[in-house]
Amino acid sequence: MGSTIEINDTLALTAEQGFPAHLLDLDAHRQTPVRLEDLGNERLSFQKEEARLFHLDPVRVFLVQSLKGRWIFWGHALIESQSIDKVLDAEGLWVPGTWSTRGTFTITDIYPPDYQESFTRRESPPGRSHFA
């Protein structure tokens, strides 16, 4: 019997999973680049399906916005906490093999727009770049 835990160096999130769309908007960023100091040191929350482990602070993870299945690399984040929980059905019973991962992170680097586009084109999985 094996383990199905995935180890990630990329925190790819939709708005529903916790991507901070209230702080990071692509169109606004291209007009007036967001600076790290504009964000403060806000602790943000995320929740993902499945069991995953993310590199912990002080090792960075890439912060990615998943928008309609396409990726936009925004910069770096540090994972401050994470937990993996069983997913329970309406009756409180575990659905075998279903897990969720949740945690908190802070943003530690924001890419300038030109670099963001170039990095996203180069580092996204095939067919996933927002800019392709």
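Placed above this text is the structure.
First things first, this report covers the structure right here in the doc. Everything numeric here is computed off the predicted structure, so don't read it as measured data.

Criteria and cut-off values
For every chain, the first residue of the written sequence is number 1, and numbering continues from 1 onward in sequence order. Selection of residues for local features in this predicted model requires a pLDDT of at least 70, selection of side-chain atom pairs for listing and counting requires 80 or more, and totals for whole chains, interfaces and linings are taken over all residues. Processing note: side-chain calculations cover all non-hydrogen atoms of the structure and skip hydrogens and water entirely. Note on exposure labels: buried denotes an accessible area under 20% of the residue type's maximum, exposed denotes more than 50%, and partly exposed covers the range between, all computed with a 1.4 Å probe on protein chains only. Secondary structure is summarised from DSSP: a helix means a run of H or I of at least four residues, a strand means a run of E of at least two, and numbering begins at the N terminus for each. When DSSP finds two or more bridges between a pair of strands, those strands are recorded as paired. Contacts were defined at the residue level, with two residues in contact if any of their heavy atoms lie within 4.5 Å. Identification of polar contacts relies on pairs of N or O atoms within 3.5 Å, with a donor-acceptor requirement for protein atoms, meaning one able to donate a hydrogen and the other able to accept it, and with residues adjacent in sequence counted only if both atoms are side-chain atoms. When a carboxyl oxygen of Asp or Glu lies within 4 Å of a side-chain nitrogen of Lys or Arg, that pair is called a salt bridge.

**Quick word on the pairing of strand β3 (residues 44-49)**
- Covered by surrounding structure in β3 are Leu44, Phe46 and Lys48 only, the residues Ser45, Gln47 and Glu49 on the alternate face being uncovered.
- Relative to strand β7 (residues 94-110), β3 runs antiparallel, the two being bridged by six bridges. Bridging across to β7, Phe46 finds its partner in Gly103.

**Regarding the environment of Ser66**
- With respect to the element layout, Ser66 can be found in strand β5 (residues 61-67).
- Of the residues examined, Ser66 reaches a relative accessible area of 16% and is grouped as buried.
- Taking the C-alpha atoms as reference points, Ser66 and Val87, 21 residues apart in sequence, are found 23 Å from one another.
- Excluding residues that lie within four positions of it along the chain, Ser66 makes contacts with Leu13, Thr14 and Trp71.

**Here we look at the environment of Arg102**
- Residue placement: Arg102 occurs in strand β7.
- Here Arg102 falls in the partly exposed class, since its relative accessible area comes to 40%.
- C-alpha of Arg102 to C-alpha of Arg52: the two residues are 50 residues apart in sequence and 9.2 Å apart in space.
- Other than its neighbours up to four places away in sequence, Arg102 contacts Phe46, Gln47, Ser81, Gln82, Ser83 and Asp85.
- Side-chain polar atoms of Arg102 contact the side chain of Asp85, separated by 2.8 Å.

**Brief notes about unusual backbone geometry**
- In this structure, Pro58 follows Asp57 across a cis peptide bond, with omega equal to 25 degrees.
- Note that Pro58 resides in the loop between β4 (52-54) and β5.
- Phi at Lys68 is positive, roughly 55 degrees, even though this residue is not glycine.
- Within the secondary structure, Lys68 is located in the loop between β5 and β6 (70-88).
- Lys68 sits in the exposed class, given a relative accessible area of 84%.

**Overview of the pattern of salt bridges**
- Going through the model one piece at a time under the given rule, you end up with eight salt bridges.
- A salt bridge links Glu117 to Arg121; its shortest N-O distance comes to 2.9 Å. A residue pair is termed a helical-turn pair when its members lie 3 or 4 positions apart in one helix, as Glu117 and Arg121 do in helix α3 (residues 113-123) at four residues.
- The exposure class assigned to Arg121 is partly exposed, which follows from its relative accessible area of 46%.
- By sharing partners, the salt bridges in this structure join Arg30, Glu117 and Arg121 into a single network.

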